[in-house]
Amino acid sequence: MSQSRLRRAVVALTALPLLALGAGQAVAAPAPAPAPAASSKVTAIEDEVARTLAASLTDPALRERLRTATAASPAGAELTPLAAGLSGATARGLAATTARADRAVATVKGLGDLGPLLRVQLADPSMRAALDAGAAPLVATAGTDEHARTVRAYDTAGRVRGLDAATLPTRPVYLVDIDTAKALTAGVDLLQRELAARGIAPAAPQAPAAPQAQSAAQAPSARAAAGWWGTKITSVEVNDDEEPWFKGAAEMFSLVSGFGLDGKVRVDSVAMPYLQYDGTVYYPNQILVNWSNYKYNLADVVLMEDDGDTNYLALAQAVAAVLLTIADQGAYIPLVNAVLAALPSSWWTDDPDYVESWYTLARTSTGRLNGARGNGWMTVEPYWVSQL
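1. Some words on the packing of aromatic side chains
A full pass over the atoms with the stated rule returns four aromatic pairs. Here W229 and W384 contribute two aromatic rings whose centre-to-centre distance is 5.5 Å and whose plane-to-plane angle is 70°, an arrangement assigned as edge-to-face. Here the residue W229 occupies a position in strand 8 (residues 227-238), and W384 occupies one in strand 15 (residues 376-386), the gap between them amounting to 155 residues. Neither W229 nor W384 differs from the other in exposure class; each is buried.

2. What to know about the confidence of the model for the protein chain
Taken residue by residue, the protein chain gives an average pLDDT of 76. The fraction at 70 or more is 71%. Within the protein chain, the lowest mean pLDDT, 36, falls on strand 1 (residues 12-13), and the highest, 96, falls on strand 14 (residues 367-370). A low-confidence stretch, residues 1-39 (pLDDT under 50), is modelled with 159 contacts involving residues beyond four sequence positions or located in other chains.

3. A short note on the sheet that holds strand 11 (residues 286-290)
Across the sheet, four strands lie side by side as 11-8-15-14; this open sheet has antiparallel pairing. Each having just a single partner strand, strand 11 and strand 14 make up the two edges of the open sheet. Across the sheet, the axes of successive neighbouring strands diverge by a mean angle of 40°, strand direction being ignored. Two elements, strand 8 and strand 11, share four bridges in a ladder whose sense is antiparallel. Looking across to strand 11, one finds that T231 is bridged to V289.

4. Some points on the pattern of salt bridges
Oppositely charged side chains are able to pair whenever their charged atoms sit close together. As enumerated under the stated definition, the model contains nine salt bridges in all. Residue E64 pairs with R67 through a salt bridge whose shortest N-O separation is 2.7 Å. With E64 and R67 both in helix 2 (residues 60-72) and three residues apart, this pair spans about one turn of that helix. On the basis of relative accessibility, which here comes to 37%, the residue E64 falls in the partly exposed class. Judged by its relative accessible area of 24%, R67 falls in the partly exposed class. Linking E381 and K232 is a salt bridge whose minimum nitrogen-to-oxygen distance equals 3.4 Å. Here E381 is found in strand 15, whereas its partner K232 is found in strand 8, with 149 residues between them in sequence. With relative accessibility at 10%, the residue K232 sits in the buried group.

5. Thoughts on the environment of R128
Structurally, the position occupied by R128 is in helix 5 (residues 128-132). With a relative accessible area of 17%, R128 lands in the buried category. Residues R128 and A71, spaced 57 residues apart in sequence, show a C-alpha to C-alpha distance of 7.9 Å. Within the structure, the side chain of R128 is placed 3.1 Å from the backbone oxygen of R67, a separation counted as a polar contact.

Rules of the game
Residues numbered from 1 in each chain as written. Predicted model: local features only at pLDDT ≥ 70, side-chain atom pairs only at ≥ 80, totals over all residues. Heavy atoms only, no water. Phe/Tyr/Trp six-rings, centres within 6.5 Å; stacked < 30°, edge-to-face > 60°. Helix = DSSP H or I, 4+ residues; strand = E, 2+ residues; numbered from the N terminus. Buried < 20%, exposed > 50% of the residue type's maximum accessible area, 1.4 Å probe, protein only. pLDDT = per-residue confidence, 0-100. Contact = heavy atoms within 4.5 Å. Pairing = 2+ DSSP bridges. Axes fitted to C-alpha atoms, helices over the stretch in contact; angles between N-to-C directions. Salt bridge = Lys/Arg side-chain N within 4 Å of Asp/Glu carboxyl O. Polar contact = N/O pair within 3.5 Å; in protein donor to acceptor, adjacent residues only side chain to side chain.

So, in structure tokens, the structure goes:
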């Protein structure tokens, strides 16, 4: 791919200052936990599908269907419907395999049956000419390890071909990946429901769309008119030095944390589906915080990513278990250590889900805010959302 890629399927948690929960005592972030010995479950599922798809490309009809489908939709085509739309034993076998894989991926991520989740795309548009000319394609997965030196690919005979991860192949390569937009939408909904069931979130996520309202400069006092103050993201960028050709676009969301009006810890999830590529400035005009939901004039943000194995149910359970132990002490308490300590150990390995943090966001915060890790920035401004 010609653009530098973010680690795939990404989440953004509200970044909370790296301070102790006590009286302002600064402490270090939690030490990374040891990397798990087992390989990625999702990657293993995708790898099996890639091998099956490669072997299935001996079927001329399937091969042509895949070529035209990926040309029509460079972002990728759903694999199960693509195979199910053809007759023949090869196509039927591929459809059955991918349908089982779709359900397995959803299970690993803690989601219900979402239907087709796996998709396939051409690794780079520059490969189209060779593919159209009849070059035999390879099939690989959009793996999670950006530090890998080689990429495992399969030919139609089922043989493994090791590809240089740092160099775009001249031979056409199809990539099997997850429909991260669909998984993200379902994951954010599940996360919100699970957090709400545990008493630390509202029943529905904050709406990410920019409101139709007057600017902060024109707004009356929050107490003088119906409406609420929000913090709006006017622009945002995430950096990443890696540029592997086999990576796909990311999908992110944020969890905004603070103390609710009832004095209990509150978490609001905000989807950020536009935040896909590093080195790209986005201008979402998106509401990040609804200050009418918070007791104190401070909230925090942690930017994270879904590396494919993210289990949204486990994430909600882990975060809730920690945050429910924190009580309101009559003043704002930074929560970042508690949130980061709750993350699964796999999120501290070579493919970290934790991307960036923004600390102590206030209702009056404005201008450019650099992330604590130096891996991103955003510009924000106060915004008054008036009642219609």
